[in-house]
Amino acid sequence: MELSKNYLPGETDAKWYQHWLDKGYFNSIPDDREPYTIVIPPPNVTGVLHMGHCLNNTIQDILIRRARMQGKNACWVPGTDHASIATEAKVVAMLRERGITKSSLSREEFLTYAWEWKEKYGGIILQQLKKLGCSLDWNRTSFTMDDDYYKSVIKVFIDLYGKGLIYRGKRMVNWDPASQTALSDEEVIFKDVDSKLYFVSYPFADGTGKITVATTRPETILGDVAICVHPEDERYKAFIGKEVIVPIINRKIPIIADEYVTAEFGTGALKITPAHDKNDNILGAKHHLKSIDTLDLTGKFTIDELLEDNPSEQVKGYVGIDRFVLRKKIAEDIAALAQIEKTEEYKSQVGTSERTGAVIENKLSMQWFIDMKKFMEKNPQVLTSVMDDSISFHPAKTKNTYKHWLENIKDWCISRQLWWGQRIPAWYDEEGKVYVAESEEEAMSQKLRAESSAGSQLNAHNPKLFQDEDVLDTWFSSWLWPMEVFKGISHPGNKEASYYYPSTTLVTGQDIIFFWVARMIMAGYEYEHKQPFKDVYFTGMVRDKQGRKMSKQLGNSPDLLGLIDTYGADAVRFGIMVSSPAGNDLMFDEAALEQGRNFNNKLWNALKLLKMWQARQAAGGNPEPGSTVIDNSQFTIDWFTNRLNEVKAEVENLMKQFRLSEALKTIYSLIWDDFCSWYLEWVKPGFEQPIDAAVYNKTVAFFEELLQLLHPYMPFITEEIFHQLREQKTDLCTVQYRTAAAADKDILQQGELLKNVITNLRDARNKNQLKPKETIKLHIETATASRYQAIESILLKQVNAASIAYVEAAVANSIVVAVEKDKFYIDSEKQLDSATLKADLLKDLEHQKGFLESVVKKLSNERFVQNAQPAVIALEQKKKADAEARIQTIEESLVGLT
């Protein structure tokens, strides 16, 4: 079959992915092998593939494919998260397009539409992962609302409630007016905003004066219940205990004292609005103050809690006005009363919803919580396992972030005012008593048992129970993910859970270290009494080349599927990985994908070269065994054998450290430079000459090993070339890695010498305008001629030399090239320009002296010498010795030209 000019990924990617699926290579069942397990961070069912998914899932696929090729039982579990807030918003939008409002539907009717949406759109992102080449075990696809999974979440809620770790209470929560639900602290993103500081005067009730307060939120003034000052603030000591009048509403409120107040901020007097600020709420509880909520669930003004104040028509006119419009309106109305003394521009931080972007309201609300301090007292391993590296974080610096959060942990609000999700298994009777149970029947049994044991008279009128309307936080289901994908909660102790749990590696973003990673560790110790994974690899954030976070609003988030169609999955995988420093943010540039495509074509061209040699070999026969062809290639084969072993060891070490990008660059350099630029050139037969069969077969074997090394990163092209090289009995993705032999350092050094000499001699030919076809005679002045004897034949061919001779003195009328301590004299029939030769040597001498100065400076730095590894210092010392030798050689060469 004639090969195309360039590699065409569109024709091969789908073919090979379907072939791998048909063969069942990605499927895993428990056996006697060592398991290597990864559970995918379940993307939201609302999601489509973006650059963050590309990075995260490419890393997971590299790890799982490599484990599979190491002979481990590799199991990568796919699945999706039901994503309560995001999915419900999508369903509401779908209904709006159909002219239906959520409020017009019963819960059951709404959920029918939600499941319809999920079935239609929820699997899109999983199908897109196939285009990226992800080798997931699709037979194990999980969803956090599957029947067993749903039941396991309910089971855990009931269990923790029974242990006294879950409670219900009215507390200040983060309220999202857009999605109309409470959020946990971790779901709130703080942003810097430009705002105004309003200085509002509150007149004393007795008419003797006023006190001025600075606030950024005049819209909440009608909910004020006190003014607070520092007890030692001399400006206000005399006013403590007096009453002031709240503007517009005309409510009398007291001036109180508390050390919480910072006398230096604003005016030193603080308005207290317990219903709208967490700190105010704490002060309100401490001083037994009333809480007055003036905003409804959507963030609009309400007078429901102002009726005792007999609100005026002006106040009633505010009803239904959005909080931000109301801010401006109330500020204007207070100014009309001459009670705004001034305004100042002010930089402040506001909390926003991680999902909707809406500004969060602090709101008193009846919610369900996990008592996290009590939970941590029960499971101290949640912290210690990370700090002692029982669970290894990569990069290690993330341990400090994790530790700080756990040591300052707050109770977790786990209820959400939504319909899509696991409904809280709590039932209430007509008296408001709560019964937590799996079913209404069990809840009723609890009620009857409680009344019976209390000696109460049973209600003969068929008592009713009402289930809590709220659902559980999505993270309350996904914290069970590593266990429940193997039915570890719903069917504890089963064979699969025992085999695959704990998983091996988790790959995730640093932004969900609290949302998900910490909570999975909590659930793992609570229910399995062991860690859920051994290693956690935190990816950085994918940013544009200006360092900005990718977003639809900025228009800087590329269409990943479009990139795959343009460049191919392998080039995209290469581009994202070659740009990705371990654990740090990466600056995405499409040029990296172009580099990936060029690499594809480099590999393809190497294949075409070998196929051409194969055809020529078949047409022209082979030289007799023992001929000089194999003899001349022996060093090349020995060198590349050792170079391959050296890189295998390097890659193994880098992979253990999760330095995947560096490992890819190492493989890339081995293939592009060592194999394509050097090895293939050194074994290439003469013009129109057949290649020796032994050399050809060894070259094919080398190429196969390179493809195997690269396969986890670029699976499609490596599989395709593997099968194009020769008839194969198996597929590359299943070929097992062989243990690398120790590399022979002497042969490697000789190879580096050869590359260095060839490069320098070619540069000298080029500078002196000697055409490649012009034959030269090469003379070498060296104290160690033996080190060139094994590479003479390669050197002759690569620099087009008719002969090599060893000399003990300079050769007249020749081009002088200095390499380390040796001198090379290029003798040609062309008239040489001594002035040019001298200028080139002087330029090289200046460069070498500058380089030597920089190395000496580094070695003179005590801090560097004390902190650097011995191998690093040894390398710098070798650089120094090499530079000194080269300087000496150049200076001697210059003497010969004068």
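Residues numbered from 1 in each chain as written. Predicted model: local features only at pLDDT ≥ 70, side-chain atom pairs only at ≥ 80, totals over all residues. Heavy atoms only, no water.

Student: Would you take a moment to explain the overall build of the protein for this structure?
Tutor: Within the protein, the secondary structure is distributed over 30 helices and 29 strands. At 37 Å, the protein has a C-alpha radius of gyration far larger than the 29 Å of a compact globule built from 898 residues. Seen along its three principal axes, the alpha-carbon backbone of the protein occupies a region of about 110 × 65 × 50 Å. For the protein, the residues scored as buried account for 52% of the 898 residues in total. A total of about 41300 Å² of accessible surface is found on the protein, and carbon and sulfur atoms cover 50% of it. When the 109 positive and 126 negative side-chain charges of the protein are each reduced to one mean point, those points stand 2 Å apart. (Helix = DSSP H or I, 4+ residues; strand = E, 2+ residues; numbered from the N terminus. Rg over C-alpha atoms; globule rule 2.2 N^0.38 Å. Buried < 20%, exposed > 50% of the residue type's maximum accessible area, 1.4 Å probe, protein only. Areas by Shrake-Rupley, 256 points an atom, 1.4 Å probe, with all protein chains shown as cover. Lys, Arg positive; Asp, Glu negative; His and termini not counted. Charge placed at Lys NZ, Arg CZ, Asp CG, Glu CD.)

Student: Where do I start with the pairing of strand β26 (residues 776–781) in this structure?
Tutor: Consecutive residues of a regular strand have side chains that alternate between opposite faces of the sheet. Burial within β26 is extensive, with five of its six residues counted as buried. As judged from the six bridges shared by β26 and strand β27 (residues 801–807), these two strands associate in the parallel manner. Residue pairing across strands places Ile776 opposite Ala801, the latter belonging to β27. Relative to strand β29 (residues 822–827), β26 runs antiparallel, the two being bridged by five bridges. Within the sheet, the bridge partner assigned to Leu778 lies in β29 and is Ile826. (Pairing = 2+ DSSP bridges.)

Student: Help me understand helix α3 (residues 84–97) in this model?
Tutor: Each α-helix winds once per 3.6 residues, and so residues spaced three or four apart point in a common direction. Its 14 residues give α3 an end-to-end C-alpha distance of 20 Å, which sits within 8% of 20 Å, the value for a rise of 1.5 Å per residue. Ser84, Ile85, Ala86, Thr87, Glu88, Val91, Met94 and Leu95 are the residues of α3 that are buried. Buried residues in α3 make contact with α4 (107–121), β6 (181–183), β21 (471–472) and α14 (474–478). (Expected span 1.5 Å × (residues − 1). Contact = heavy atoms within 4.5 Å.)

Student: Quick question: what am I supposed to make of the nonpolar core here?
Tutor: Judged by nonpolar contacts, the single largest core of 181 residues is most densely connected at Phe476, Trp479 and Tyr713. Per-element tally for this core: the top contributor is helix α22 (residues 660–683), with 14 residues. Discounting residues that sit within four places of it in the chain, Phe476 has contacts with Val153, Val156, Phe157, Leu160, Ile166, Ile370, Trp412 and Ile414. Within the second largest apolar cluster, 36 residues are counted, among which are Val261, Ile303, Leu306 and Val315. (Core = buried A, V, L, I, M, F, W, Y, C linked by side-chain atoms within 4.5 Å.)

Student: Explain the pattern of salt bridges here, please?
Tutor: Should their charged atoms come close, side chains of opposite charge can pair. For the coordinates displayed, the defined rule picks out 67 salt bridges. Measuring nitrogen to oxygen at the nearest pair gives 3.9 Å for the salt bridge that ties Asp589 to Lys545. Of this pair, Asp589 sits in the loop between β25 (586–587) and α20 (591–620) while Lys545 sits in the loop between β24 (542–543) and α18 (560–567), placing them 44 residues apart in sequence. Residue classification places Asp589 among the partly exposed residues on the basis of a relative accessible area of 30%. Look at Lys545 and you get exposed, because its relative accessible area is 62%. Among the charged side chains, a salt-bridge network with shared partners connects Arg643, Glu646, Asp674, Lys745, Glu752 and Lys755. (Salt bridge = Lys/Arg side-chain N within 4 Å of Asp/Glu carboxyl O.)

Student: Would you explain a nonpolar patch on the surface in this entry?
Tutor: There is a patch of nonpolar side chains on the surface, built from Val48, Tyr121 and Ile124 and spanning about 230 Å² of accessible area. Checked against the element boundaries, Ile124 lands in helix α5 (residues 124–132). (Patch = residues over 30% accessible without salt bridge, like charges linked within 9 Å, V, L, I, M, F, W, Y side chains within 5 Å.)

Student: How should the packing of aromatic side chains be read in this particular structure?
Tutor: The relation between two aromatic rings is expressed through the spacing of the ring centres and the mutual angle of the planes. Counted under the stated rule, the structure contains 44 aromatic pairs. Each ring, one from Tyr499 and one from Tyr500, has its centre 4.8 Å from the other, and the planes form 80°; the classification is edge-to-face. Between Tyr679 and Phe702, the aromatic rings sit 5.4 Å apart at their centres with planes inclined by 90°, giving edge-to-face as the arrangement. Placement of Tyr679 in helix α22 and of Phe702 in helix α23 (residues 693–710) is noted, with a sequence separation of 23 residues between them. (Phe/Tyr/Trp six-rings, centres within 6.5 Å; stacked < 30°, edge-to-face > 60°.)

Student: Looking at this model, I keep getting lost on unusual backbone geometry. Mind explaining?
Tutor: Trans is the common state for peptide bonds, and a negative phi is the common state for residues other than glycine. That bond from His394 to Pro395 is cis: its omega, 0°, falls within 30 degrees of zero. Residue position: Pro395 is located in the loop between β15 (392–394) and α12 (398–407). That bond from Tyr501 to Pro502 is cis: its omega, 0°, falls within 30 degrees of zero. Its identity as a non-glycine residue notwithstanding, Glu820 has a phi of 55°, on the positive side. Relative to the helices and strands, Glu820 resides in the loop between β28 (815–819) and β29.

Student: Whenever I open this one, the side chain of Glu704 confuses me. Can you help?
Tutor: When you line up the elements, Glu704 lands in helix α23. Glu704 has contacts with Phe722, Leu725, Arg726 and Gln728, leaving out every residue within four places of it along the chain.

Student: Would you explain the sheet that holds strand β7 (residues 188–203) in this entry?
Tutor: The strands making up a sheet associate through backbone hydrogen bonding, with each pair oriented either parallel or antiparallel. With antiparallel pairing, the three strands of this open sheet are ordered in space as β8-β7-β13. Only two strands of the sheet have a single partner each, and these edge strands are β8 (210–215) and β13 (340–353). Averaged over all pairs of adjacent strands, the angle between strand axes in this sheet comes to 20°, irrespective of strand direction. The pairing of β7 with β13 spans 13 bridges and is classified as antiparallel. Across the sheet, Ser195 pairs through a bridge with Tyr346, a residue of β13. (Axes fitted to C-alpha atoms, helices over the stretch in contact; angles between N-to-C directions.)

Student: Can you walk me through the state of the cysteines in this structure?
Tutor: As used here, a disulfide is simply a covalent bond connecting the sulfur atoms of two cysteines. In the structure shown here, the tally under the stated rule is zero disulfides. Between Cys75, a cysteine without a disulfide, and Cys134, which holds the nearest cysteine sulfur, the sulfur-to-sulfur distance is 15 Å. Taking the relative accessible area as the measure of exposure, Cys75 reaches 0% and is therefore buried. (Disulfide = S-S within 2.5 Å.)

Student: Is there a simple way to explain the environment of Val261 in this structure?
Tutor: Locating Val261 in the fold gives a position in the loop between β11 (252–257) and β12 (269–272). Overall, the relative accessible area of 6% leaves Val261 in the buried class. Expressed as a C-alpha distance, the spacing of Val261 and His230, which sit 31 residues apart in the sequence, is 5.3 Å. Residue contacts for Val261: discarding those within four places in its chain leaves Cys228, Val229, His230, Gly268 and Leu270.

Student: Looking at this structure, I do not really get the packing of α5 against α18. What am I missing?
Tutor: Two packed helices can be described by the angle between their axes and the distance between those axes. In the contact formed by α5 and α18, the axes pass within 11 Å of each other and the chain directions differ by 25°. Here α5 is positioned roughly parallel relative to α18, judged by the angle of their axes. Crossing handedness for the pair α5 and α18: left-handed. Every residue of α18 that contacts α5 at Gln128, Lys131 and Leu132 is listed here: Leu561, Ile564 and Asp565. Across the contact of α5 with α18, the residue classes break down as three nonpolar, one polar and two charged. (Parallel < 35°, antiparallel > 145°, perpendicular 65-115°, else oblique. Left-handed = near helix turned anticlockwise from the far one by under 90°. Nonpolar A, V, L, I, M, F, W, Y, C, P; charged D, E, K, R; others polar.)

Student: Looking at this structure, I do not really get the sheet that holds strand β16 (residues 412–413). What am I missing?
Tutor: Reading across from one edge, β6-β5-β14-β16 is the order of the four strands in this open sheet, with antiparallel pairing throughout. Each having just a single partner strand, β6 and β16 make up the two edges of the open sheet. Sheet topology places strand β5 (residues 166–176) next to β6; three bridges connect them, and they run antiparallel. Counted as the bridge partner of Asn174 is Leu183 from β6.

Student: Honestly, the side chain of Asn56 in this entry has me stumped. Any pointers?
Tutor: As for its placement among the helices and strands, Asn56 is situated in helix α2 (residues 51–69). Among the residues examined, Asn56 registers a relative accessible area of 10% and is labelled buried. Of note is the side chain of Asn56, whose polar atom sits 3.2 Å from the backbone oxygen of Val507. Discounting residues that sit within four places of it in the chain, Asn56 has contacts with Pro41, Val507, Thr508, Gly509 and Thr539. (Polar contact = N/O pair within 3.5 Å; in protein donor to acceptor, adjacent residues only side chain to side chain.)

Student: Got a minute to help me understand the pairing of strand β2 (residues 73–77) in this structure?
Tutor: Within β2, five of the five residues are buried, which leaves it mostly tucked inside the rest of the structure. Where strand β1 (residues 35–39) and β2 come together, five bridges link them in parallel fashion. What sits directly across from Thr37, in β2, is Cys75. Note on the crossover from β1 through α2 to β2: the handedness is right-handed. (Right-handed = clockwise from strand over helix to strand, strands pointing away.)

Student: Help me out: how do you make sense of the environment of Ala93 in this one?
Tutor: Note on placement: Ala93 falls in helix α3. Between the C-alpha atom of Ala93 and that of Ser348, which follows or precedes it by 255 residues, the distance is 33 Å.

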